[in-house]
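What follows is each chain in one-letter form.
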Amino acid sequence: MQYMSTRGRISGLDFKDAVMMGLADDGGLLLPQQIPALSRGDIAALTRMAYPDLAFRIISLFAGSIPAADLKHLIDRSYQAFDHDEVTPVVHKDGIYVLELFHGPTLAFKDVALQFLGNMFEYLLKERGAHMNILGATSGDTGSAAIYGVRGKQNINIFILHPHQRVSPIQELQMTTVTDPNVFNLAIRGTFDDGQRIVKEIFGDLAFKSRMALGAINSINWARVLAQVVYYFYAFGRVQRATSCEEVYFSVPTGNFGDIFAGYIAKRMGLPIRRLILATNENDILTRFINQGDYSTAQVVPTPSPSMDIQLASNFERYLFYLYGQNPGRVNDAMSRLAATGRLEFTAEELACVGRDFMAGSATRQETLDTIRAFHAATGYILDPHTAVGVKVGKELTGGEVPLVCLATAHPAKFGDAVREAIGQDPVLPPVFRDLDKKEKRCELIDADTGSVREYLQKNALA
Ligand SMILES: *Cc1c(COP(=O)(O)O)cnc(C)c1O
């Protein structure tokens, strides 16, 4: 399988180079040059497999340049880090199927991709005799999942900036209690936006970036999308076994369009998904795109589902590439227009095309909390606020024609404040969270300026 950029100036990369490149060198995002089409028979056979075997089969279709035994080993190791033997189990509650994606080490769905990416980076660096210094800013979830993805790995150091005392206590502890020598937590005296700005400025200095072998771990890496394709197949298999259904709906709480784009790839591969339901909170740019053809940025508002408080969806460009008939010229034009005007508009014809794959809706703060409360009252099951957004929108837009699968993207204990506000009680803390505050911590407090962070990198980066 070869990879190309959505902007058209990169093509013919193999899987390994695509993973190492991350963001395409022409500013676009990498995609496979063909998407393998699976027959009904193929899909029936795949969906009977255990998760790690299924993951191996799906990922192999896209990662042919890695010897099968190595890939198998890498995948097995990635999913042994999960605390459920099904990896991503499906539970049936209140007429819907909840796909639990939070059984990884940091209890959010990002572990599914980042455990795999961490192992893949280690493997590729070793093969190349190279090293990497990962730099990222986080508002919470991604930072801890990235740290757990690479802790203790050879030839990789990771530097994660978080805003000092502005992430939830659990999120902070999840990061700072990782004391492996290759993990550097930097609490900056500033906001998440300061962190993002610093990272952007440092990556913008291409000479420094290359001298320091800086790498990113954000959601634009193709390997992350690929690892997420797997659980759509897995969930379909479980639900089909239970109901003999021909098709399903998936409802996906969305921020950066990464997770739902993985569903779109699964659909293009032939998985019988009637529609992908895109669910947003009050930051609803993607819902406005699907329902009105209006993709225009607005101010970010804080919500109880903070991992979806995003204005520009970094993976959206991948979908635009397909919507624009795989024409990189049109993607380039659109991205320039978006940068210049803050908006994109779409024709009725384009929207009809979008509507064949997607439906969309959003949930307010109150609706999110009400959904947690009602679902708990009906079933005793506690939804995290991100998952609740997907459940609310999924139920509203479907009527039982085919089963509804809602992606549960985080464990409710990660967002205890919202849960407490909704149901007046705390979710039970899973064992990995207990006594977190009694563990040894490692974190450096640092000024929110680019110079200080550069200096810190120079002192502590692998060279
Ligand atoms: C990151 C995240 C999301 C959004 O996922 P995208 O791939 O950015 O759309 C949803 N829920 C949780 C808990 C997350 O951490």
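What you see is a predicted model, and the numbers here were worked out from it, not measured in a lab.

Draft legend 1. Local environment of the overall build of the chain. Summing up its helical and strand segments, the chain has 19 helices and 15 strands in all. Taken over C-alpha atoms, the radius of gyration comes to 21 Å for the chain, in line with the 23 Å a tight globule of 463 residues would show. When its C-alpha atoms are laid out on the principal axes, the chain stretches across 60 × 55 × 50 Å. Looking at the chain residue by residue over its 463 residues, the buried ones come to 59%. Looking at the chain alone, contacts between residues at least 24 apart form 74% of all its contacts between residues at least 6 apart. Accessible surface, the chain: about 17900 Å² in total, of which carbon and sulfur atoms supply 48%. Taking the average place of the 46 positive charges on the side chains of the chain and the average place of its 51 negative ones, the gap between the two points comes to 2 Å.

Draft legend 2. Inspection of the sheet that holds strand β4 (residues 96-100) at higher detail. Pairing is mixed across the open sheet formed by six strands, whose spatial order is β3-β4-β14-β9-β10-β13. Strands at the two margins of the open sheet, each flanked by one partner only, are β3 (90-93) and β13 (358-362). Pairwise comparison of adjacent strand axes, ignoring direction, gives a mean angle of 25 degrees for this sheet. Of the strand pairs in this sheet, β3 and β4 are connected by four bridges, and their pairing is antiparallel. Its bridge partner being in β4, K93 is matched across the sheet by I96. Against the sheet, helix α10 (residues 222-243) makes contact with β3, β4, β9 (248-253), β10 (273-280) and β14 (404-408), and its axis sits at roughly 135 degrees relative to β9, the strand it touches most.

Draft legend 3. Structural view of the pairing of β14. With five of its five residues buried, β14 lies for the most part within the structure. Burial along β14 is two-sided: L404, C406 and A408 facing one way and V405 and L407 facing the other are all buried. Strand direction decides the pairing type here: β4 and β14, joined by four bridges, are parallel. Counted as the bridge partner of V98 is C406 from β14. Sheet analysis places β9 next to β14, joined by three bridges and oriented parallel. Opposite Y249, over in β14, you have L404 as the bridge partner.

Draft legend 4. Inspection of the UniProt feature "modified residue: N6-(pyridoxal phosphate)lysine" (unreviewed entry) in the chain at higher detail. The sites that UniProt annotates as "modified residue: N6-(pyridoxal phosphate)lysine" (unreviewed entry) are K110. Mapped onto the elements of the fold, K110 is located in helix α5 (residues 110-128). A relative accessible area of 12% means that K110 is categorised as buried. Among all residues touching K110, those that are not within four sequence positions of it are D141, T142, A145, R224 and S307.

Draft legend 5. Region of interest: helix α3 (residues 51-62). Here α3 is twelve residues long and its end C-alpha atoms lie 17 Å apart, about the 16 Å a rise of 1.5 Å per residue gives. Of the positions making up α3, those classed as buried are Y51, L54, A55, F56, I58, I59 and F62.

Draft legend 6. Structural detail: the pattern of salt bridges. Counted by the stated rule, this structure contains 29 salt bridges. Salt-bridge contacts for D141 lead to K414; the nearest nitrogen and oxygen are separated by 3.0 Å. A residue pair is termed long-range when its members are at least 10 positions apart, and D141 in helix α6 (residues 141-150) and K414 in the loop between β14 and α18 (416-423) qualify at 273 residues. Just as D141 is buried, K414 falls in that class too. If you follow the salt bridges from partner to partner, you end up with D284, R288, D294, R343 and E345 in one network.

Draft legend 7. Examining the site of the ligand more closely. Around the ligand sit 15 residues in total, of which K110, D141, G255, N256 and T409 are the nearest. A distance of 3.0 Å separates an oxygen atom of the ligand from a polar atom in the backbone of D259. At 3.5 Å, a side-chain N or O of S307 approaches an oxygen atom of the ligand. The protein chains hide 97% of the 380 Å² of surface that the ligand would expose on its own. Looking at the shell around the ligand residue by residue, the classes come out as five nonpolar, seven polar and three charged.

About the cut-offs
Residues numbered from 1 in each chain as written. Predicted model: local features only at pLDDT ≥ 70, side-chain atom pairs only at ≥ 80, totals over all residues. Heavy atoms only, no water. Helix = DSSP H or I, 4+ residues; strand = E, 2+ residues; numbered from the N terminus. Rg over C-alpha atoms; globule rule 2.2 N^0.38 Å. Buried < 20%, exposed > 50% of the residue type's maximum accessible area, 1.4 Å probe, protein only. Contact = heavy atoms within 4.5 Å. Areas by Shrake-Rupley, 256 points an atom, 1.4 Å probe, with all protein chains shown as cover. Lys, Arg positive; Asp, Glu negative; His and termini not counted. Charge placed at Lys NZ, Arg CZ, Asp CG, Glu CD. Pairing = 2+ DSSP bridges. Axes fitted to C-alpha atoms, helices over the stretch in contact; angles between N-to-C directions. UniProt positions renumbered as here; feature names shortened; annotations may be inferred. Expected span 1.5 Å × (residues − 1). Salt bridge = Lys/Arg side-chain N within 4 Å of Asp/Glu carboxyl O. Near = heavy atom within 4 Å. Polar contact = N/O pair within 3.5 Å; in protein donor to acceptor, adjacent residues only side chain to side chain. Nonpolar A, V, L, I, M, F, W, Y, C, P; charged D, E, K, R; others polar.

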